[in-house]
Amino acid sequence: MTPRRLIRTGVKITRAGHADKCVTCVADTAGDMVHAVISPPRPWRRAAVAASFLAAIVLVIVLNRRGQRAGGDPALPKFHLTDVTAQVGINFVHHGPTLDPKVDNIAPLIGSLGASVSVADVNNDGWPDLYFTNSRFGYPNALYLNRGNGTFADVASAAGLADVNRPGEGVSMGAVWGDYDNDGLEDLFIYKWGYLQLFKNMGDLHFVDVTASAGLRQWMNANGAVWVDYDRDGLLDLYVAGYYRPDIDFWHLKTTRIMENSFEFATNGGKNRLFHNLGGGRFEDVTDRMGVGSTRWTLAVAAADFNGDGWPDLFLANDYGPEELYLNDHGRRFILSRVGLESDSKSGMSATLGDVLNRGRVDAFVTNISERGYLFHGNNLRLNFLPELGRFQQAAEGVVADAGWAWGAQLGDLDNDGRNELFIVNGYVSGDRERSYWYAASKIAGAYGPVFEDARAWPAIGTASLSGYERSRVLVNRGLAGWSDVASQVGVTDEYDGRAVVLVDLFNRGVLDVAIANQKQPALVYKNRVAPGNHWIAFKLTGTRSNRSAIGAEVLLVAGGTRQLEVVDGGSGFASQNDRRLHFGLGQTTRVDSAVIRWPSGTVQTVARPAADQLHVITEPSR
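Residues numbered from 1 in each chain as written. Predicted model: local features only at pLDDT ≥ 70, side-chain atom pairs only at ≥ 80, totals over all residues. Heavy atoms only, no water.

### A short note on the overall build of the chain
(1) Moving on: The helix and strand inventory of the chain stands at 9 helices and 43 strands.
(2) Moving on: Considering only contacts in the chain between residues 6 or more positions apart, those separated by 24 or more positions represent 62%.
(3) Moving on: Counting only carbon and sulfur atoms, one obtains 51% of the accessible surface of the chain, whose full area is about 22700 Å². (Helix = DSSP H or I, 4+ residues; strand = E, 2+ residues; numbered from the N terminus. Contact = heavy atoms within 4.5 Å. Areas by Shrake-Rupley, 256 points an atom, 1.4 Å probe, with all protein chains shown as cover.)

Encoded structure:
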């Protein structure tokens, strides 16, 4: 391969709260990618940076060692999850896609995606609703409206959000909610293997397809998307993750050369797209201009301000390769940054954000594949040290690293003790329990790239399983004592092929419940019961200068000598979106010192001494 010429240029970037740092940009003349490498600090700061680095290493070592010691004898969990799916009136069953017969040999593998769940209060009645996607022609998506009495009703058909999986149009892979026109009503974006769809909420539980007029009618084979106001103009933009190439029509294949060109550093996936909200209901494709057109088989994307400069960045979990972080250069462009991710090749599936150690920092958890005897990629827990070191530090060990063939995951305080737990759903293809596809999969993985890129070259899976019948993990955060898997103790014992999971206070009780979308299987709803004694506080934010949904807003809570940070997300995990209300556990304290809100517009608002055990509805100050 001909060596590619690189051009280096120096750029000074000022970060809020930090001294100027020199960044070297490396432009690849063979493509349109720009990389940023944070240069060594000035001499007078080297001692401080070295001390920060050593502190980070010591912290990770302590976490790892104590986590290994803690795994065998966990204390009794302070919460319990009960399956109430049927009791609350949810009977949704996901159906996977049927594909062109040319790929019948591995159709169960290719068609193993599409189950998703997202949360929104679609009618502004104060009760969170659930939207589930189907992925087969003729099978409807479901919008379960929360009646406020402990039950739900599917209103998708009447609302105009059910019949979206049709020949010639494609099938749903997931959905995210956001008020793109700032009219106070949550709109719905459905990403598909097929044409994207945007539905405007007209009120009174009625939605209208505005895809064409919005300029979004594009065929993508997408498996992730996130709402993000990347230029902070108060209008929500869309970033859509293309998985398979857009020239592929899975029902009319022109070629079977549709698979990855590498199991470690694949680059032949679908191109991700960034759509800029122009206002007036119109969007513009600005992917190339902004430099975010990754083709690395992105399965999930999350947006947050990782480096503390006030601008939302994009974190990508990529299959068949390393994760990617695109740092936002003040809304002018994104820079693919070398932050300790670029050489760690795995099979990223879920991009989950949270403040893991109560440092007031956004960390990232990425699920991967673990199968003893065949493949151990292990999950990644990326502790954020960008402001100090310009990089993430890997901290996944023990039960955090080994969770089977893991898909969706969410961080949230399930026992209201002030620390985030981690809920992970697992399992790939559950077929014949006595027949495994792992040996056949290992053979094709060892073949020459042009061979396994052709789906017809793969051994037929038939009725075999591939990491099937795996249980979900529920990891309790015990601080520096590590993490413990308490799934069976708290009532989570199903072996479904989980894909998406969300945390949401479904019954407005001050505790986080769990909803799960399973591939080709029934959805699940777990009602959470927390032991008495712990307190909580929650925030529902409404933007004015910022986007109305307040997506991208951060709340830093100071209480009981600890700091917790949460971000309003426009999509999180894998094929999922959490409750937009931010929930914090307080442990046994009832005194909250302050809640500092950093709105997407840049406005900083401090709420002094907010009361515990209640939801606070806060509107952004106009100035």
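### Quick word on the sheet that holds strand S26 (residues 391-394)
(1) Moving on: The strand order across the open sheet formed by 4 strands is S21-S22-S25-S26, and the pairing between neighbours is antiparallel. Taken across any chain shown, the strands that pair with only one partner, and hence form the sheet edges, are strand S21 (351-354) and S26. Neighbour to neighbour, the strand axes of the sheet diverge by 30° on average, direction disregarded.
(2) Moving on: As judged from the 3 bridges shared by strand S22 (residues 363-366) and strand S25 (residues 380-385), these two strands associate in the antiparallel manner. Opposite Val366, over in S25, you have Asn380 as the bridge partner. (Pairing = 2+ DSSP bridges. Axes fitted to C-alpha atoms, helices over the stretch in contact; angles between N-to-C directions.)

### Looking at the pattern of salt bridges
(1) Moving on: Inspection of every chain in the model, using the stated rule, returns 24 salt bridges.
(2) Moving on: Between Arg580 and Glu186 there is a salt bridge; the shortest N-O distance is 2.4 Å. Here the residue Arg580 occupies a position in the loop between strand S39 (576-577) and strand S40 (582-587), and Glu186 occupies one in the loop between strand S9 (170-178) and strand S10 (187-195), the gap between them amounting to 394 residues.
(3) Moving on: Judged by its relative accessible area of 16%, Arg580 falls in the buried class.
(4) Moving on: Residue class for Glu186 comes out buried when judged on its relative accessible area of 11%.
(5) Moving on: Of the charged contacts, one joins Asp417 and Arg419 as a salt bridge, the two residues approaching to 3.6 Å between their closest N and O atoms.
(6) Moving on: The partly exposed category is assigned to Asp417, whose relative accessible area is 24%.
(7) Moving on: When its relative accessible area of 32% is taken as the criterion, Arg419 is described as partly exposed. (Salt bridge = Lys/Arg side-chain N within 4 Å of Asp/Glu carboxyl O. Buried < 20%, exposed > 50% of the residue type's maximum accessible area, 1.4 Å probe, protein only.)

### So, the environment of Ser172
(1) Moving on: On the secondary structure map, Ser172 appears in strand S9.
(2) Moving on: Judged by relative accessible area, Ser172 falls into the buried class, the value being 0%.
(3) Moving on: Considered as a pair, Ser172 and Phe137 are 35 residues apart in the sequence and their alpha carbons are 9.5 Å apart.
(4) Moving on: If near-sequence neighbours (up to four positions away) are discounted, Ser172 is found in contact with Gly114, Thr133, Asn134, Ser135, Asn141, Val164, Asn165, Ile190, Tyr191 and Lys192.
(5) Moving on: Looking at Ser172, its side chain comes within polar contact range of the side chain of Asn141, at 3.0 Å. (Polar contact = N/O pair within 3.5 Å; in protein donor to acceptor, adjacent residues only side chain to side chain.)

### Let's talk about the sheet that holds strand S34 (residues 513-518)
(1) Moving on: Here we have 4 strands laid out as an open sheet, ordered S4-S35-S34-S33, and antiparallel in their pairing. Of all strands in the sheet, those bounded by a partner on one side alone are strand S4 (79-83) and strand S33 (498-504). Averaged over all neighbouring strand pairs, the angle between strand axes comes to 25°, with direction disregarded.
(2) Moving on: With 6 bridges joining them, S33 and S34 adopt antiparallel strand pairing. The residue of S34 that forms the bridge with Val502 is Ala515.

### Structural notes on helix H8 (residues 438-445)
An α-helix turns once per 3.6 residues; consequently, residues spaced three or four apart project the same way.
(1) Moving on: Of all the positions in H8, only Trp438, Ala440, Ala441 and Ile444 are classed as buried. The buried residues of H8 all sit within an arc of 160° when viewed along its axis, so they share a single face.
(2) Moving on: Buried-residue contacts for H8 involve strand S23 (370-371), strand S24 (375-376), strand S29 (432-436) and helix H9 (449-452). (Arc of directions from axis to C-beta.)

### Let's talk about the packing of aromatic side chains
(1) Moving on: For the structure on display, the rule yields 30 aromatic pairs.
(2) Moving on: A centroid spacing of 5.9 Å and a plane angle of 50° characterise the contact between Tyr180 and Phe283, whose relative ring orientation is tilted. Within this pair, whereas Tyr180 is found in the loop between S9 and S10, its partner Phe283 is found in strand S16 (residues 282-285), the two being separated by 103 residues in sequence. Neither residue differs from the other here; Tyr180 and Phe283 are each classed as buried.
(3) Moving on: On the basis of an interplanar angle of 85° and a centroid distance of 5.9 Å, the ring pair of Phe315 and Phe392 is categorised as edge-to-face. (Phe/Tyr/Trp six-rings, centres within 6.5 Å; stacked < 30°, edge-to-face > 60°.)

### Brief notes about the nonpolar core
Where a protein is soluble and globular, its nonpolar side chains tend to be buried together.
(1) Moving on: Counting residues in each nonpolar core, the largest one holds 121 residues, and the members touching the most others are Ile110, Leu130, Phe189, Trp193, Trp227, Tyr437 and Leu541.
(2) Moving on: The next biggest cluster of nonpolar side chains, apart from the first, holds 20 residues, and it includes Ala317, Leu341, Ala351 and Leu565. (Core = buried A, V, L, I, M, F, W, Y, C linked by side-chain atoms within 4.5 Å.)

### Some details on the environment of Arg296
(1) Moving on: Position of Arg296 among the secondary structure elements: in the loop between helix H5 (287-290) and strand S17 (298-304).
(2) Moving on: Residue Arg296 is classed as buried on the basis of its relative accessible area, which comes to 18%.
(3) Moving on: Here the alpha-carbon distance between Arg296 and Gly269, two residues 27 residues apart in the chain, equals 5.4 Å.
(4) Moving on: Each residue touching Arg296, except ones within four places of it in the same chain, is listed here: Phe265, Ala266, Thr267, Asn318, Asp319, Pro322 and Glu324.

### Comments concerning unusual backbone geometry
(1) Moving on: Residues other than glycine seldom take positive phi values, yet Leu205 does so here, at roughly 55°.
(2) Moving on: With respect to the element layout, Leu205 can be found in the loop between strand S11 (197-201) and strand S12 (207-209).

### Concerning the environment of Ser135
(1) Moving on: In this structure, Ser135 sits in the loop between strand S6 (129-132) and strand S7 (142-146).
(2) Moving on: You can call Ser135 buried: its relative accessible area is 0%.
(3) Moving on: Spatially, the C-alpha atoms of Ser135 and Ser116 are 9.7 Å apart, while their sequence positions differ by 19 residues.
(4) Moving on: Not counting residues within four places of it along the chain, the set of residues in contact with Ser135 comprises His94, His95, Gly96, Pro97, Leu113, Gly114, Ala115, Asn165, Val171, Ser172 and Met173.
(5) Moving on: Here His94 takes part through its side chain, which lies 2.9 Å from a polar atom of the side chain of Ser135.
(6) Moving on: Only 2.8 Å separates the side chain of Ser135 from the backbone oxygen of Ser172, close enough to count as a polar contact.

### Comments concerning the side chain of Asn272
(1) Moving on: Here Asn272 is to be found in the loop between strand S14 (237-244) and strand S15 (273-279).
(2) Moving on: A distance of 3.0 Å separates the side chain of Asn272 from the side chain of Thr298, its partner in a polar contact.
(3) Moving on: When sequence neighbours within four positions are dropped, the list of residues in contact with Asn272 reads Tyr239, Val240, Ala241, Gly242, Thr287, Val292, Gly293, Ser294, Thr298 and Leu316.

### Thoughts on the confidence of the model for the chain
(1) Moving on: Here the chain averages 90 in pLDDT, and 88% of its residues register 70 or above.
(2) Moving on: Contacts from residues 1-41, a stretch scored under 50 in pLDDT, to residues over four places away or in other chains number 82 contacts.
(3) Moving on: Across residues 62-74 the pLDDT falls below 50, and counting only partners more than four positions away or on other chains, this stretch makes 21 contacts in the model. (pLDDT = per-residue confidence, 0-100.)

### Digging into the pairing of S40
Regular strands have side chains that alternate between both faces of the sheet.
(1) Moving on: Taking burial as the measure, the 6 residues of S40 include 6 buried ones, the bulk of the element.
(2) Moving on: Of the two faces of S40, the one lined by Leu582, Phe584 and Leu586 and the one lined by His583, Gly585 and Gly587 are each fully buried.
(3) Moving on: Sheet topology places strand S36 (residues 535-542) next to S40; 5 bridges connect them, and they run antiparallel. Note that in S40 the partner of His535 across the bridge is Gly587.

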